[in-house]
Amino acid sequence: MIEAKCPARHNSTNAYFNYPLAAVLTVNAGGTPLGAARGALEAFHQWLPGRGITYTNYTNKAEAAVTHLQIAEATLKLDSTDAHIRRACALLDDAPDAKMSVLDRIKARAHISYATGLAREAVDILFYASGASAIQSHVPIQRFQRDIQALANHAILHPQTTIELYGRVLCGLEPNTLLYWSFLCDLRVLCGSFMKGAPPMKISTWMSSAMATVLAIAAGALPQRGQMCSRSQRR
């Protein structure tokens, strides 16, 4: 599923069902931060009329220059969010026969994660522009603000994590995540299921070995990828 290499089935000829799993799940998630940011903008517009700025002579916040700057910046960030998500969707839609390189999969995730960061920035601007009364539980914008914080801190959508990953592959390094095929190939090498002369493995046995391998790698008890490949080639 991760590499989109599945046995023959009734929908094998439908490209929609042949995409790599991680890319599909990540890109499909892009609508949520975009929707949250749009909801926050709508809530801000509804909250704005007739409100002043406390301890100033502004009786109508909509007439204040600071409000103009805030709502314009938030709207532009929202437009940028939409553009990045559309770019990620295009990477899936334009993939010939649903075949995507590892770089394209990571690039799609990078666009979604970066868009999530922009959406959070847009919502934060609007929330901070709404005043202290906006923290009350019955005020809609505080819910959007909490939701977008949760989304942007999700491991898949976290902007800094994904930007680092994208930078790694742009610099010619291996992805440092379980979600992409090269790492899983290393697990198979380590588990012995694809080594010459190794006995056949049941799926349950392979999964147990793979999990043990993941834990060992996390603990630093196993060699790096380059060492694994050279050892498997010697065998």
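The rules behind these values
Residues numbered from 1 in each chain as written. Predicted model: local features only at pLDDT ≥ 70, side-chain atom pairs only at ≥ 80, totals over all residues. Heavy atoms only, no water. Helix = DSSP H or I, 4+ residues; strand = E, 2+ residues; numbered from the N terminus. Buried < 20%, exposed > 50% of the residue type's maximum accessible area, 1.4 Å probe, protein only. Contact = heavy atoms within 4.5 Å. Areas by Shrake-Rupley, 256 points an atom, 1.4 Å probe, with all protein chains shown as cover. Expected span 1.5 Å × (residues − 1). pLDDT = per-residue confidence, 0-100. Salt bridge = Lys/Arg side-chain N within 4 Å of Asp/Glu carboxyl O. Phe/Tyr/Trp six-rings, centres within 6.5 Å; stacked < 30°, edge-to-face > 60°. Lys NZ or Arg CZ within 6 Å of the ring centre and 35° of its normal. Core = buried A, V, L, I, M, F, W, Y, C linked by side-chain atoms within 4.5 Å.

This part takes up the overall build of the protein chain. Along the backbone of the protein chain there are 9 helices and 0 strands. Sequence-ordered secondary structure for the protein chain, helices as α and strands as β, is α-α-α-α-α-α-α-α-α. The proportion of buried residues among the 235 residues of the protein chain is 38%. Partitioning the intrachain contacts of the protein chain with sequence separation of at least 6 by distance along the chain shows that 62% fall at a separation of at least 24. Of the accessible surface of the protein chain, which amounts to about 13700 Å², a share of 59% is contributed by carbon and sulfur atoms.

Notably, Tyr55 is not glycine yet its phi reads approximately 65°, a positive angle. Along the chain, Tyr55 falls in the loop between helix 2 (31–47) and helix 3 (65–93). With a relative accessible area of 84%, Tyr55 lands in the exposed category.

The first and last C-alpha atoms of helix 2 sit 24 Å apart over 17 residues, in line with the 24 Å expected at 1.5 Å per residue. Here helix 2 has its buried residues at Pro33, Leu34, Ala36, Ala37, Gly39, Ala40, Leu41, Ala43 and Phe44. On its buried face, helix 2 sits against helix 3, helix 4 (102–128) and helix 5 (140–152).

Further remarks concern the confidence of the model for the protein chain. Chain-level statistics for the protein chain give a pLDDT mean of 79 and a share of 68% at 70 or above. Long-range and interchain partners of residues 200–204, a stretch whose pLDDT sits below 50, account for 4 contacts in this model, where long-range means more than four residues apart. Within the model, pLDDT remains below 50 along residues 224–235, and this stretch shows 11 contacts once partners closer than five positions in the same chain are excluded.

As a further point, take the pattern of salt bridges. Summed over the entire model, instances satisfying the criterion amount to 3 salt bridges. As a salt-bridge pair, Asp82 and Arg38 come within 2.9 Å of each other at their nearest N and O atoms. Here Asp82 is found in helix 3, whereas its partner Arg38 is found in helix 2, with 44 residues between them in sequence. Looking at Arg38, the relative accessible area reads 43%, which means it is partly exposed. Across the pair Lys77 and Glu121 runs a salt bridge, and its minimum N-O distance is 2.7 Å. In this pair, Lys77 sits in helix 3 while Glu121 sits in helix 4, placing the two residues 44 residues apart along the sequence. Here the salt bridges do not stand alone but share partners, grouping Arg38, Asp82 and Arg86 into one network.

The next point concerns the side chain of Arg109. Position of Arg109 relative to the elements: it lies in helix 4. Contact partners of Arg109, with chain neighbours within four places excluded, come to Thr26, Ala155, Ile156, Thr161, Thr162, Leu165, Thr177, Leu179 and Tyr180.

The geometry of two aromatic rings is summed up by the distance between their centres and the angle between their planes. Under the defined criterion, the tally for this structure stands at 1 aromatic pair. Over the face of the ring belonging to Trp47 we find Arg51, whose NZ or CZ atom lies 3.9 Å from the ring centre.

Moving on: the nonpolar core. Within the largest apolar cluster, 37 residues are counted, with the highest numbers of intra-cluster contacts made by Phe44, Leu92, Met100, Leu126 and Ile141. Within the residue set of this core, elements represented by two or more residues are helix 1 (21–28), helix 2, helix 3, helix 4 and helix 5. Considering each element in turn, this core owes the most residues, 9 residues, to helix 4. Among the nonpolar cores identified, the runner-up in size contains 5 residues, and Val102, Ile106, Leu165 and Tyr180 belong to it.

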